[in-house]
Structure formats: C-alpha cells, structure tokens
Amino acid sequence: ENDEDRRLFGAMVVIAANAGGVWTPIGDVTTTMLWINHNLSTVPTITELFIPSIVCLVGSLFFLEKQVEEDNSLAESNVGEPSELAARGSLVFASGILSLLAVPVFSELTGLPPYLAMLTGLGVIWGLTDAIHLGEDEEATESLKVPAALSKLDTSGILFFLGILMSIGVLDKSGLLKDLAVFLNENLPSQDIIATVIGLASALIDNVPLVAATMGMYDLADFGTDDKLWQLIALCAGTGGSILVIGSASGVALMGLEKVDFLWYTKKASIGAAVGYFAGIGAYLAQNAILNGGLLDNVLPPAMAMVESAQAMTGLFM
C-alpha cells in the first residue's frame, strides 16, 4: 500500500467531513450551536449553505487530487467483502438515521427545543431495541440495547463543552465580548472579513469557544435570524478547521489513525484546504449577492480582500 496516498485520502476525508457538516443544523457542532440559539433556522441554512459547502469541498479536492500517484494500489488491495447486515440491524440503523433527520423537522414544526426531539428519537430507538430483543437471553442482548450505549457517553467531552460555555458566559456578562466586537468593527473593513478571520482562527483554536464568543459579541437584535453574518460564521468556522490538522476533531482523529504529523499535513493539505475555504466563501458571497441584488457592489470588494488573504496564506506555506 502507498502510505502517502493513504494520508492524502485521509486529508480529503477530513476536509469532506468538515465541509459536509456545515449545511445542516445537526451536521456540525458550531452550526448546531447557532441553530439552537436561533441565530440560524433550518431551511435557509440548508438551502443557502449547501452550494458553498460543495464548492469548498470540490476546490480542495481538485487541488489535493493532483498529488495522488496513479498506480494499481486500489485494484490490488485485499479489502474483504462487506458482510450483510441482518434485517433487524438494518431496521435499527434506518430508525436511528431517520430519528436524526427528524430533529430539525420536529423542532421546526412544533417550535419545541431540539433536545426534546433528540430525546424523542432516543425513546423510539430504546423502545424498538427492547421490542426486538424481547424474550431473548438478557445477558446475550444487553450490549445491543440503549443502556449499554449510554454507558459509553463521553462525559469528559460534555463537561468540556459545559466549561467552555460557562466561561464564555462570564466574558459576555463582564462586557469583554462586546468590547471585542467594537474593536473588530473598528479595525476590520466588513463583517465578511470578520467571519473570515474567525474561520482562520478556528484552524488553531477550537471552533466551539470561537462561535460561542461570536454569539456573545453580536446581538440577535442587530443581526437577526439567518443574517449573512451568522451563515458566514457557520461556513467559516466549520470549514476553516481543515486548514490545519489540529483545527478539527476529524483532523486530530487522522493524526491518531494514520500517524499524520502536523508538518506533513501543513505541507501537503493546508494549501488545498485554504483554496477550498476561500472558494466556499466566494461562492457564498456571490450567491448572496445574486439572491439579494447588487452583485458587483457586494461581492467584488470582499472578494478582492479574500484573494489578498489567500495569497498571504499561500505565502506562509510555500
């Protein structure tokens, strides 16, 4: 097997995972945070972020694909035949997927908080698995039921997010986040550039505190639900983490699974990820300008600033 190609394909998966999670309310933790806080709603998020996410992915893959060596390694690989999933396993799997997909629909139709939709889906799966294994040996089927899955919850991760949100809450109440928002507005030429900078920062800093801080910096009263600022932040924070391998959970997983080091990823994949990142932002700005009018006035100035930023980023990695 070609280890270099394996790492490149792994980098592509990281970029695809981050870009693919942006355009649905349940696809990425930062988009979910904005959705739960009513900064974003379901339908506009899907319809207006889908194309920029695809452009981001395609732009990065077009760059990275040229580095893959042409050989017969895939044809000669000895990957085993996939095993067939039992009928009741397929039922549980399909029910789980449908429960996840139903979360934004449930929340949108009922107006209830998303966590109630998640708990409802959990209840459905719980009841289904208990019914499937009713009458079977308790010890043999214990690992196939919901309580066994709940016992594997990442409690430390939950506490991590809780700690972050509490810390951001303190900064918000102290007024520091508002001061930061004023500083950014005074020193950066537009909200588009601010969102872009936040996305670039997410390559180094965890995007959860970044987005939480941004939500504290800007009020919904000034930037309403589905405002361009929130959509850009969702796009930038979600895809900006691909620029560096330490910028996202999927990148960290790649480091562990394929022993990819920071310098290799920076040399081989960071430029491609940055190309896709700025392409996705450009696609969003163009789409927004077309839908709202004023293509030349609204897109060209930010686009030129994006090009200059991209050139500066490229210079860092050359």
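All values derive from a computational prediction rather than experimental measurement. (Residues numbered from 1 in each chain as written. Predicted model: local features only at pLDDT ≥ 70, side-chain atom pairs only at ≥ 80, totals over all residues. Heavy atoms only, no water.)

### Topic: the overall build of the protein chain
The secondary structure content of the protein chain amounts to 16 helices and zero strands. Counting all 318 residues of the protein chain, 40% fall into the buried class. Look at the contacts in the protein chain between residues 6 or more apart in sequence, and 73% of them connect residues 24 or more apart. (Helix = DSSP H or I, 4+ residues; strand = E, 2+ residues; numbered from the N terminus. Buried < 20%, exposed > 50% of the residue type's maximum accessible area, 1.4 Å probe, protein only. Contact = heavy atoms within 4.5 Å.)

### Description of a nonpolar patch on the surface
Side chains of Ile26, Leu85, Phe93, Ile97, Leu98, Leu100, Leu101 and Met118 sit close together on the surface and give an oily, nonpolar patch of about 760 Å² of accessible area. For the nonpolar patch, the element with the most residues is helix α4 (residues 87-110), which contributes five residues. Structurally, isoleucine 26 is set in the loop between α1 (3-20) and α2 (29-36). Isoleucine 26 gets classed as partly exposed once you look at its relative accessible area, which sits at 33%. (Patch = residues over 30% accessible without salt bridge, like charges linked within 9 Å, V, L, I, M, F, W, Y side chains within 5 Å. Areas by Shrake-Rupley, 256 points an atom, 1.4 Å probe, with all protein chains shown as cover. Salt bridge = Lys/Arg side-chain N within 4 Å of Asp/Glu carboxyl O.)

### Remarks on the nonpolar core
Counting residues in hydrophobic clusters, the biggest one holds 56 residues, and the most contacted among them are Leu34, Val211, Tyr218, Trp230, Leu232, Ile233 and Tyr265. At eight residues, the largest contribution of residues to this core is made by helix α12 (residues 228-240). Those residues in contact with leucine 232, other than ones at most four positions away along the chain, are Asp192, Ala195, Ile281, Tyr284 and Leu285. (Core = buried A, V, L, I, M, F, W, Y, C linked by side-chain atoms within 4.5 Å.)

### Some thoughts on helix α3 (residues 42-65)
Helix length check: α3 (24 residues) gives 33 Å between terminal C-alpha atoms against 34 Å at 1.5 Å per residue, within 8%. If you look at α3, its biggest bend is around 40 degrees, right at leucine 49, and the proline proline 52 turns up within four residues after that. For α3, the set of buried residues is Thr42, Pro44, Thr45, Leu49, Pro52, Ser53, Cys56, Leu57, Gly59, Ser60 and Leu64. Looking at the buried side of α3, the elements it contacts are α1, α2, α4, α12, α14 (262-268) and α15 (270-292). (Expected span 1.5 Å × (residues − 1). Bend = angle between axes of the 7 residues up to and from the residue.)

### Describing the pattern of salt bridges
Here the structure, examined in full by the defined rule, presents five salt bridges. The closest approach of N and O atoms between glutamate 4 and lysine 268, which form a salt bridge, is 3.5 Å. Here glutamate 4, found in helix α1, pairs with lysine 268, found in helix α14; they are 264 residues apart in sequence, far enough to count as distant.

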